[in-house]
Amino acid sequence: MRNRIYLCLAHMSGKEMDYIQEAFDTNWVVPMGPNVNGFEEDLEKFVNHKDNGASLDRRVVGLSAGTAAVHLALLACGVGPGDEVIVQSFTFCASSHPITYLAAVPVFVDSERESWNMDPALLEEAIKDRMAKTGRKPKAIIPVALYGMPYQIDRIMEIADRYGIPVIEDAAEGLGSKYDGQVLGTFGRYGVLSFNGNKMITTSGGGALICPDDSAKKEILFYATQARESYPYYQHEHIGYNYRMSNICAGIGRGQMTVIDEHINHHKHVQELYCELLSGVEGITMHCNPSDCYDSNFWLCAATLDPTLRIRGQENAYASVVSGAVGGAAGVTHAASTATTDCQPNANVEALRVILDAANVEARPLWKPMHRQPVYRTSPAYCNGVSEELFHTGICLPAGPYVSDDDVRYIVDTIVGAIVR
Ligand SMILES: *Cc1c(COP(=O)(O)O)cnc(C)c1O
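Worth saying up front: this structure is predicted, and the values here are computed from it rather than measured. (Residues numbered from 1 in each chain as written. Predicted model: local features only at pLDDT ≥ 70, side-chain atom pairs only at ≥ 80, totals over all residues. Heavy atoms only, no water.)

S.K.: Explain the layout of surface pockets here, please?
M.R.: Empty space among the atoms becomes visible once a probe the size of a water molecule is rolled across them. When its volume is computed, the second largest pocket comes out at roughly 220 Å³. Surrounding the second largest pocket, Phe46, His49, Gly176, Lys178, Val183, Met257, Ile260, Asp261, Ile264, Asn265, Lys268 and Asp295 form its lining. With five residues, the single largest contributor to the lining of the second largest pocket is helix α9 (residues 260-278). Of the residues belonging to the lining of the second largest pocket, the class tally is five nonpolar, three polar and four charged. (1 Å grid on protein atoms, 1.4 Å probe; cavity = no way out; pocket = protein on both sides within 12 Å on 5 of 7 lines; lining within 4 Å. Points joined across faces, edges and corners; volume = space filled by probe spheres on them. Helix = DSSP H or I, 4+ residues; strand = E, 2+ residues; numbered from the N terminus. Nonpolar A, V, L, I, M, F, W, Y, C, P; charged D, E, K, R; others polar.)

S.K.: Looking at this structure, I do not really get the sheet that holds strand β1 (residues 59-63). What am I missing?
M.R.: Across a sheet, strands are paired by hydrogen bonds formed along the backbone, either parallel or antiparallel in direction. With mixed pairing, four strands are arranged side by side in an open sheet as β1-β9-β8-β5. Two strands close off the open sheet at either side, each with one partner strand: β1 and β5 (168-170). Strand-to-strand twist of the sheet, defined as the mean angle between neighbouring strand axes without regard to direction, takes the value 20°. In the sheet, β1 pairs with strand β9 (residues 207-211) via five bridges, with the strands oriented antiparallel. Each bridged residue has a counterpart across the sheet, and for glycine 62 the counterpart in β9 is alanine 208. The sheet strands contacting helix α3 (residues 66-76) are β1, β5, β8 (190-194) and β9, and the helix crosses β8 at an angle near 165°. Here helix α7 (residues 214-224) sits on the sheet in contact with β1, β8 and β9, set at roughly 10° to β1. (Pairing = 2+ DSSP bridges. Axes fitted to C-alpha atoms, helices over the stretch in contact; angles between N-to-C directions. Contact = heavy atoms within 4.5 Å.)

S.K.: What's the story with the nonpolar core in this structure? I'm lost.
M.R.: Generally speaking, nonpolar side chains in soluble globular proteins are found buried as a group. With 62 residues, the main nonpolar core has Ile86, Ile141, Tyr147 and Phe195 as its most contacted residues. Looking at this core, the elements with two or more residues in it are α2 (34-48), β3 (105-109), α5 (120-134), α6 (153-163), β9, α8 (247-257), α9 and α11 (386-393). Counting residues per element, this core draws most heavily on α6, at six residues. Setting aside residues up to four positions removed in sequence, phenylalanine 195 forms contacts with Phe39, Leu43, Leu175, Ile201, Thr202, Thr203, Ser204, Gly205, Gly206, Gly207, Ala208 and Met245. Membership of the second largest hydrophobic core comes to 33 residues, among which are Ala104, Cys211, Phe222 and Ala224. (Core = buried A, V, L, I, M, F, W, Y, C linked by side-chain atoms within 4.5 Å. Buried < 20%, exposed > 50% of the residue type's maximum accessible area, 1.4 Å probe, protein only.)

S.K.: Before we go on, may I ask you to explain the site of the ligand in this structure?
M.R.: In the vicinity of the ligand there are 15 residues, among which Thr67, Asp170, Glu173, Ser194 and Lys199 approach most closely. Between the ligand and the protein, one listed contact pairs an oxygen atom with a backbone N or O atom of glycine 66 at 2.8 Å. A distance of 2.5 Å is found between an oxygen atom of the ligand and a side-chain nitrogen or oxygen belonging to threonine 67. Relative to its unbound accessible surface of 390 Å², the ligand loses 94% to contact with the protein. Its residues placed into classes, the shell around the ligand shows five nonpolar, seven polar and three charged. (Near = heavy atom within 4 Å. Polar contact = N/O pair within 3.5 Å; in protein donor to acceptor, adjacent residues only side chain to side chain. Areas by Shrake-Rupley, 256 points an atom, 1.4 Å probe, with all protein chains shown as cover.)

S.K.: Whenever I open this one, the sheet that holds strand β4 (residues 141-142) confuses me. Can you help?
M.R.: Pairing is parallel across the open sheet formed by four strands, whose spatial order is β4-β2-β3-β14. The open sheet has two free edges, formed respectively by β4 and β14 (381-382), since each of these has just one partner strand. Pairing analysis gives two bridges linking strand β2 (residues 84-88) to β4, with the strands arranged parallel. Note on β4: the bridge partner recorded for valine 87 is isoleucine 142.

S.K.: Could you clarify how one ought to interpret a nonpolar patch on the surface in this entry?
M.R.: Taken together, the side chains of Tyr6, Leu9 and Tyr402 make up a nonpolar region of the molecular surface, amounting to roughly 290 Å² of accessible area. Assignment of secondary structure puts tyrosine 402 in the loop between β15 (394-397) and α12 (405-418). Residue tyrosine 402 is classed as partly exposed on the basis of its relative accessible area of 48%. (Patch = residues over 30% accessible without salt bridge, like charges linked within 9 Å, V, L, I, M, F, W, Y side chains within 5 Å. Salt bridge = Lys/Arg side-chain N within 4 Å of Asp/Glu carboxyl O.)

S.K.: Is there a simple way to think about α7 in this case?
M.R.: Along an α-helix, a turn takes 3.6 residues, which lines up residues three or four apart on a common side. Those residues of α7 that fall on the buried side of the exposure criterion are Ala216, Lys217, Ile220, Phe222, Tyr223 and Ala224. Against the buried residues of α7 lie α2, β1, α3, β8 and β9. Its side-chain oxygen 3.3 Å from the backbone nitrogen of serine 215, aspartate 213 forms the N-cap of α7. One or two positions beyond α7, positive phi appears at glutamine 226, with a value near 70°.

S.K.: Just checking my understanding: could you explain the pairing of β15 for this structure?
M.R.: Each regular strand shows side chains that alternate between the opposite faces of the sheet. Of the two faces of β15, the one lined by Gly394 and Cys396 and the one lined by Ile395 and Leu397 are each fully buried. Summarising the sheet, strand β12 (residues 301-305) and β15 pair through four bridges and their orientation is antiparallel. Across the sheet, the residue bridging to alanine 303 is isoleucine 395, located in β15.

S.K.: Looking at this model, I keep getting lost on the packing of aromatic side chains. Mind explaining?
M.R.: Aromatic ring pairs are described here by two measures, namely the spacing of the ring centres and the angle between the planes. Taken as a whole and judged by the stated rule, the model has 10 aromatic pairs. Ring centres of phenylalanine 92 and tryptophan 367 lie 5.0 Å apart, and the angle between their planes is 40°; on these two criteria the pair is classed as tilted. Taken together, the positions of phenylalanine 92 in the loop between β2 and α4 (97-101) and tryptophan 367 in the loop between β13 (364-365) and β14 put the pair 275 residues apart, joining distant regions of the chain. Each ring, one from phenylalanine 108 and one from tyrosine 376, has its centre 5.0 Å from the other, and the planes form 70°; the classification is edge-to-face. You can see phenylalanine 108 sitting in strand β3 and its partner tyrosine 376 sitting in the loop between β13 and β14, a full 268 residues away along the chain. Summarising the burial analysis for this pair, phenylalanine 108 and tyrosine 376 share the class buried. Taken together, the ring pairs in this structure connect Phe92, Tyr147, Trp299 and Trp367 into an aromatic cluster. (Phe/Tyr/Trp six-rings, centres within 6.5 Å; stacked < 30°, edge-to-face > 60°.)

S.K.: What exactly am I supposed to notice about the state of the cysteines here?
M.R.: Working definition: the covalent bond between the sulfur atoms of two cysteines is a disulfide. Using the criterion set out here, one finds zero disulfides in the structure. Looking at the unpaired cysteine 77, the closest cysteine sulfur is the one in cysteine 211, lying at 10 Å. Cysteine 383 carries a free sulfur, and the closest cysteine sulfur to it, the one in cysteine 343, is 11 Å from it. (Disulfide = S-S within 2.5 Å.)

Set out below in structure tokens:
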């Protein structure tokens, strides 16, 4: 049996241990130090470079997680109890959960079909309607680069600027993706990055916040280190958090930065190969860059299945309650109480996932839209049906540095063999 092919596995450059060793040798085994500073410099160089040769001047803060970066960006935008924050509904929960940490209210906005990300027309409708209903402006707007695909940031920024609302780009999945030759996370006031184990690069766990300037960076650093005032004793005038990145994790990050371009190129190559091999397969459509403005890193490769496409075994999809976490996801300790919910992928998608799983290939449904999550049932939502339809029909395919050309051919052969013609 071949080795399991995972969605996106961390891949080391070989340099990581040198940086970690240096941290031990110099006794910087704390959440600050030379690796953190070095990693931030590497990231600044990376995000500030534009394809046209120009250069930006953004600053980066290393944090313990991408979720922490979202949280601190919201805090810095002045989000507090009772405020509303507009967030893309089609996303992983880390985009919206931190809004609730601040006792604020997420307002979900659906996606457009091109990029699968925040629909600018709906965004404006939501802003107007919230102002009419509450008499107040939403405090921030969070578009999300799903699977690395850029959002329509030119239109989103135009609307956000017109209403004077700051944008927090969730580029956690979109590290190195570009819109018009500019790296995601550098358009809005803040940009969120993640270095979790399954993202474009890893620090084992970690994240970063791209900040507009030095004073914004200082403000974020202050809140990331328990908001300590500069007295010889611990003086606290604000509530802070313990969110700084560890110097050991940053050492991994510095090693990873030496291969980030290779990683991105490999993800793009795998995407191209899927497109080529699946191009003649009726009923399956790859999610591609909609136009030349878009330059996705293709963190994960995503496809949609026509609802009429028949997959072997689909009549038995969802017949039994899932026992254990789907795909062995870490930390899933709650057992599912039912085999189905009122919003789930179509039977052909689930059947294909099961067939790929049996062939030792990890595949996963798309993110379930937040406006359909039970925990957010009372949150306002502005919908057009796009994200729900994509959730019903979509599937994520493996894409990391470990996925070889031979793996892609095997995955495509498995998919083709699963189709009932
Ligand atoms: C991974 C991710 C984050 C941040 O996650 P961490 O695991 O906390 O680093 C935020 N938003 C999205 C959309 C993500 O996929």
